[in-house]
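Now for the letters of each chain:
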Amino acid sequence: MKKTIALIALTGLLFISCKKEETKAPVEVKNPNQIGINIVKSDNIELVKKLNVMASTFDLVNFKSNFADKAILHDNMNNVTIDENVKMLGDLKSNGITVTLGKEPLIWEAINDKPDEKTGVTNYVICYYEVTFARNGKSAKIVYNMIFAMKDGKVQEEWDTYDSAPIAELLK
């Protein structure tokens, strides 16, 4: 009888000690050179898409409302305020320029681990848009590279690089 009880007790201990442990998700090893992540869907990305539509349709009041009051735009290395940028867009419209966006931009958001010391920004939306400018039966396709520094749902700073020569040619 003692052997039977001992055998039952030993078997019970074995079952308890063999209890399956919860499996933990593998821990991702961060690359020592990694400073953040990239994502392809976010509110900031959707806002940038809307901003480009607003600019292309010259909805300048709504366009401007999505920028911080002191936002700086770097238009081909020329620093301009949001008011100056809106005026430039308005001048294109008044000169009969129409703007059409390509269907699918290349666009993503980079989210840094630490905010920029100067601006406090961690989120940057980077995009490439093919844009067609047209006037008087002539058109020009241009690829825009745009980077938007985003904070609190507003553009804090923007960098645009593109070939401006075709636009100047259309304005002649």
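Remember, predicted model here, so these are calculated numbers, not experimental data.

Caption draft 1: A look at the overall build of the chain. Looking only at helices and strands, one finds 5 helices and 8 strands in the chain. When the elements of the chain are put in sequence order from the N terminus, they spell out α-β-α-α-β-β-α-β-β-β-β-β-α. Buried positions account for 34% of the 172 residues belonging to the chain. Relative to all contacts within the chain whose residues are 6 or more apart in sequence, the contacts with residues 24 or more apart total 54%. Carbon together with sulfur atoms contributes 57% to the accessible area of the chain, which is approximately 12100 Å² in total.

Caption draft 2: View of the packing of aromatic side chains. Considering all chains together, one arrives at 4 aromatic pairs under this definition. Geometrically, the ring pair formed by Tyr144 and Tyr162 is stacked, given 4.3 Å between the ring centres and 25 degrees between the ring planes. One end of the pair, Tyr144, is in strand β7 (residues 138–151); the other, Tyr162, is in the loop between β8 (154–161) and α5 (165–170), with 18 residues separating them in the sequence. Across the pair, exposure class does not vary: Tyr144 and Tyr162 are buried alike. Each residue in the set Phe133, Tyr144 and Tyr162 is aromatic and connected to the rest through ring pairs, giving one cluster.

Caption draft 3: Molecular detail of the nonpolar core. Counting 36 residues, the largest nonpolar core has Leu51, Phe63, Phe67, Phe133, Tyr144 and Phe148 as its most contacted members. Breaking this core down by element, the ones donating at least two residues are α2 (43–56), α3 (60–65), β2 (67–75), α4 (82–94), β6 (123–135), β7 and α5. In this structure Phe63 touches Leu51, Met54, Ala55, Ile82, Asn85, Val86 and Leu89, once residues within four positions along its chain are discounted. Ala110, Val121, Ile126 and Ala149 belong to the second largest nonpolar core, which has 5 residues in total.

Caption draft 4: Representation of α2 in the model. Taking 1.5 Å per residue, 14 residues should reach 20 Å; α2 reaches 20 Å between its end C-alpha atoms and fits that length. Residues of α2 that are buried include every one of Asn44, Ile45, Leu47, Val48, Leu51, Asn52, Met54, Ala55 and Ser56, and no others. A side-chain oxygen of the first residue of α2 lies 3.4 Å from the backbone nitrogen of Asn44; this N-cap is Ser42. Of the residues trailing α2, Phe58 is marked for its positive phi of about 60 degrees.

Caption draft 5: A look at the pattern of salt bridges. Counted by the stated rule, this structure contains 5 salt bridges. Here Lys64 ties to Asp83 by a salt bridge, and the two come within 2.4 Å at their closest N and O atoms. In this pair, Lys64 sits in helix α3 while Asp83 sits in helix α4, placing the two residues 19 residues apart along the sequence. Lys87 is the partner of Asp91 in a salt bridge, and the nearest nitrogen-oxygen pair spans 3.1 Å. Highlighted residues: Asp91 and Lys87, both in helix α4, separated by 4 residues, approximately one helical turn. Residue Asp91 is classed as partly exposed on the basis of its relative accessible area of 32%.

Caption draft 6: Molecular detail of a nonpolar patch on the surface. Side chains of Leu106, Tyr128 and Val143 sit close together on the surface and give an oily, nonpolar patch of about 290 Å² of accessible area. Its location among the elements puts Tyr128 in strand β6. A relative accessible area of 36% means that Tyr128 is categorised as partly exposed.

Caption draft 7: Spatial organisation of the layout of surface pockets. Each pocket or cavity is described by its volume, and for the largest pocket that value is around 460 Å³. Together, 24 residues line the largest pocket, and Leu89, Leu92, Phe133, Tyr144 and Tyr162 are the ones closest to its centre. Broken down by secondary-structure element, the contributors of at least two residues to the lining of the largest pocket are α2, α4, β4 (98–101), β6, β7, β8 and α5. Counted by class, the lining of the largest pocket contains 17 nonpolar, 4 polar and 3 charged residues.

Analysis parameters
Residues numbered from 1 in each chain as written. Predicted model: local features only at pLDDT ≥ 70, side-chain atom pairs only at ≥ 80, totals over all residues. Heavy atoms only, no water. Helix = DSSP H or I, 4+ residues; strand = E, 2+ residues; numbered from the N terminus. Buried < 20%, exposed > 50% of the residue type's maximum accessible area, 1.4 Å probe, protein only. Contact = heavy atoms within 4.5 Å. Areas by Shrake-Rupley, 256 points an atom, 1.4 Å probe, with all protein chains shown as cover. Phe/Tyr/Trp six-rings, centres within 6.5 Å; stacked < 30°, edge-to-face > 60°. Core = buried A, V, L, I, M, F, W, Y, C linked by side-chain atoms within 4.5 Å. Expected span 1.5 Å × (residues − 1). Polar contact = N/O pair within 3.5 Å; in protein donor to acceptor, adjacent residues only side chain to side chain. Salt bridge = Lys/Arg side-chain N within 4 Å of Asp/Glu carboxyl O. Patch = residues over 30% accessible without salt bridge, like charges linked within 9 Å, V, L, I, M, F, W, Y side chains within 5 Å. 1 Å grid on protein atoms, 1.4 Å probe; cavity = no way out; pocket = protein on both sides within 12 Å on 5 of 7 lines; lining within 4 Å. Points joined across faces, edges and corners; volume = space filled by probe spheres on them. Nonpolar A, V, L, I, M, F, W, Y, C, P; charged D, E, K, R; others polar.

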